Amino acid sequence: MADYVIKSSKYGQAQGKKDILSMTLPELEKETEALGEKKFRAKQIFSWLHEHSVQSFDEMTNISKSLRDKLESGCAILHTSIEKKLCSEYDNTKKYLLKLDDGEYIESVLMRYKYGQTVCVSTQVGCAMGCKFCASTLDGCVRNLTPSEILCQVYSAERDSGEKISHIVLMGMGEPLENYDNVLRFLELVTDENGKNISMRHISISTCGIVPRIYDLMQKNLQLTLSVSLHAPNDEIRKKMMPIARKYSIAELLKACEDYEKKTHRRISFEYAMVKDVNDSEDCARELAGRLNGTLCHVNLIPVNEVRETGMKKSDEKTVEKFSEILKSQNIAVTVRRKLGSDINASCGQLRRNFSSK
């Protein structure tokens, strides 16, 4: 558990304590036994932490006072507090600016669909990927989030809404595969049947295209949905939009996606932000269809969120519709993403940046 000891003095009284919310059940069993307690107590504690998402040891009412005191002395339950909440007037989307225990800020978004409540979570404070259309990356990456800090976004949304979260998308601030180990532990914790027990098939993880990590994830065969930020049909356009394209060509990326699909038998989702006069031409649509032909995939067209600093404008509805028709004519599954929370700037990074710039 050395990696999950709270080291920074910015965490106040939690400094030097173990991050208990980041412990797996087997680790918690060892911790409980080391405290001189029976092994079965670990499952009770784990349930309080993850099924009931308590915020203090005192809330664990079926745990003895002596054990709670022992836990309090050596462990800490990290929190996120809602600094600001924006609620859409149109679709009940809620956007949260969350304050972490060390004073940093992140964002998450709660979205309602017919199939249930979905929360979009961040995996880093900021982002270092430098995508030209994204607000999250404008101030760079401050640090990775711990597994507990990713979990807290799910639990905060549940507490605030009073409804159970059924689906999770790791598409908020940050590049999940740059925080690979912590993200994997988060996935292990949030899917544990003794805790939140969310199905892996109800989780999507997004990446801008870190090819080696796609292969690492492929070997895990986790049965989640891999969502790849493609945003261009060729290297020339993609390099202008995404610095990661200078490291991994589109051919390398699509080969990794093809291998991932064959190994996991899971359809790849390709995200495509439609930017006016950059990647939205009919020629781009035909080239994209040619590249994806024969791939088990789905293309999600997203009129780009307009961020003042980027200068990029979203494609108009007719252009998006024509782009979609060309893909469909080549038997490519495609949808145009519903613009949830458009009245509250629900795209990642905007709320944090506006708040921190005040």
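Above this note sits the structure.
Because the structure is predicted, anything quoted here is derived from the model rather than measured. (Residues numbered from 1 in each chain as written. Predicted model: local features only at pLDDT ≥ 70, side-chain atom pairs only at ≥ 80, totals over all residues. Heavy atoms only, no water.)

> Any chance you could explain the overall build of the chain here in plain terms?
Within the chain one finds 11 helices and 14 strands. For 358 residues, the compact-globule formula gives about 21 Å, and the C-alpha radius of gyration of the chain, at 21 Å, lands near that figure. Expressed along its principal axes, the backbone C-alpha trace of the chain runs to roughly 70 × 45 × 35 Å. When burial is assessed residue by residue, the chain has 57% of its 358 residues classed as buried. (Helix = DSSP H or I, 4+ residues; strand = E, 2+ residues; numbered from the N terminus. Rg over C-alpha atoms; globule rule 2.2 N^0.38 Å. Buried < 20%, exposed > 50% of the residue type's maximum accessible area, 1.4 Å probe, protein only.)

> What exactly am I supposed to notice about the nonpolar core here?
Soluble globular proteins tend to pack their nonpolar side chains together in the buried interior. Counting residues in each nonpolar core, the largest one holds 97 residues, and the members touching the most others are I20, I168 and F270. At 7 residues, helix α5 (residues 180-190) tops the list of elements feeding residues into this core. Beyond its immediate chain neighbours, meaning those up to four positions away, I168 contacts V119, V121, V154, F186, V190, I198, H202, I203 and S204. Grouped together as the second largest cluster of nonpolar side chains are 5 residues, I6, Y11, A14 and L78 included. (Core = buried A, V, L, I, M, F, W, Y, C linked by side-chain atoms within 4.5 Å. Contact = heavy atoms within 4.5 Å.)

> Just checking my understanding: could you explain the packing of aromatic side chains for this structure?
To describe a pair of aromatic rings, you give the distance between the ring centres and the angle between the ring planes. In this structure the tally under the stated criterion is 2 aromatic pairs. Between Y113 and Y115 the ring centres are 5.1 Å apart and the planes differ by 10 degrees, which places this aromatic pair in the stacked class. For Y113, a relative accessible area of 29% corresponds to the partly exposed category. Arranged with centres 5.1 Å apart and planes meeting at 40 degrees, the rings of Y272 and F323 form a pair that is tilted. Placement of the pair is Y272 in strand β12 (residues 268-274) and F323 in helix α10 (residues 317-329), with a sequence separation of 51 residues. The same class applies to Y272 as to F323, namely buried. (Phe/Tyr/Trp six-rings, centres within 6.5 Å; stacked < 30°, edge-to-face > 60°.)

> Can you walk me through the pattern of salt bridges in this structure?
Applying the stated criterion to the full structure yields 17 salt bridges. Of the charged contacts, one joins E31 and K18 as a salt bridge, the two residues approaching to 2.8 Å between their closest N and O atoms. Taken together, the residues span a long stretch of sequence, with E31 in helix α1 (residues 25-34) and K18 in strand β1 (residues 18-19) at a distance of 13 residues. Exposure remark for E31: the relative accessible area of 12% places this residue in the buried category. The exposure class of K18 is partly exposed, given its relative accessible area of 27%. A salt bridge links D102 to R143, with the nearest nitrogen and oxygen atoms 3.0 Å apart. Taken as a pair, D102 in the loop between β4 (94-100) and β5 (105-113) and R143 in strand β8 (residues 141-144) lie far apart in primary sequence, 41 residues in all. D102 sits in the buried class, given a relative accessible area of 11%. (Salt bridge = Lys/Arg side-chain N within 4 Å of Asp/Glu carboxyl O.)

> Where do I start with empty space enclosed by the protein in this structure?
Over the atoms a probe the size of a water molecule is rolled, and this reveals where empty space is left. One pass over the structure, following the stated rule, counts 1 cavity of 30 Å³ or more. Space inside the largest cavity adds up to approximately 60 Å³. Considering the residues around the largest cavity, the lining is formed by L21, L49, S53, V54, Q55, I77, L78, H79, C152, Y155 and R159. Of the residues forming the lining of the largest cavity, the biggest block, 3 residues, is contributed by helix α4 (residues 147-161). (1 Å grid on protein atoms, 1.4 Å probe; cavity = no way out; pocket = protein on both sides within 12 Å on 5 of 7 lines; lining within 4 Å. Points joined across faces, edges and corners; volume = space filled by probe spheres on them.)

> Please explain α4 as it appears in this structure.
Owing to its 3.6 residues per turn, the α-helix aligns residues three or four sequence positions apart on the same side. For α4, with 15 residues, the first-to-last C-alpha span of 22 Å sits near the 21 Å given by 1.5 Å per residue. In terms of burial, α4 is a largely internal element, 13 of the 15 residues being buried. Just downstream of α4 lies G162, where phi reads positive at about 75 degrees. (Expected span 1.5 Å × (residues − 1).)

> Explain unusual backbone geometry here, please?
Among all residues save glycine, negative phi is the norm, and among peptide bonds the norm is trans. At N221, a residue that is not glycine, the phi angle is positive and equals roughly 50 degrees. Topologically, N221 is positioned in the loop between α6 (211-220) and β11 (225-229). Unusually for a residue other than glycine, H265 sits at a positive phi of about 60 degrees. Take H265: it is sitting in the loop between α8 (250-264) and β12. Judged by its relative accessible area of 63%, H265 falls in the exposed class.

> When you look at the packing of α1 against helix α2 (residues 41-51) in this model, what are you seeing that I'm missing?
Think of two packed helices as two axes; the pair is described by the angle between the axes and how far apart they sit. Look at α1 against α2: their axes get within 8 Å of each other, and the N-to-C directions meet at 125 degrees. Classified by the angle their axes make, α1 and α2 are oblique. As for the relative orientation of α1 and α2, their crossing is right-handed in sense. Together, L25, L28, E29 and T32 of α1 and R41, A42, K43, I45 and F46 of α2 make up the contact between the two elements. Partitioning the contact of α1 with α2 into residue classes produces 5 nonpolar, 1 polar and 3 charged. (Axes fitted to C-alpha atoms, helices over the stretch in contact; angles between N-to-C directions. Parallel < 35°, antiparallel > 145°, perpendicular 65-115°, else oblique. Left-handed = near helix turned anticlockwise from the far one by under 90°. Nonpolar A, V, L, I, M, F, W, Y, C, P; charged D, E, K, R; others polar.)

> In this structure, what is going on with the sheet that holds strand β10 (residues 203-207)? I would like to understand it.
Whether parallel or antiparallel, the strands of a sheet pair through hydrogen bonds between backbone atoms. A sheet is described by the order of its strands in space; here 10 strands give the open sequence β3-β4-β5-β6-β9-β10-β11-β12-β13-β14, paired in mixed fashion. Because the sheet does not close on itself, it has two edges, and the strands there are β3 (80-87) and β14 (333-336). Pairs of neighbouring strands in the sheet enclose a mean axial angle of 25 degrees, with direction left out of account. Here 7 bridges tie β3 to β4, and the two strands are oriented antiparallel to one another. Bridged to L86 within β4 is K95. (Pairing = 2+ DSSP bridges.)

> Help me understand the environment of G140 in this model?
As for its position among the elements, G140 is in the loop between β7 (124-126) and β8. For the pair G140 and M111, spaced 29 residues apart in sequence, the C-alpha separation works out to 26 Å. Among all residues touching G140, those that are not within four sequence positions of it are V125, G126 and C127.

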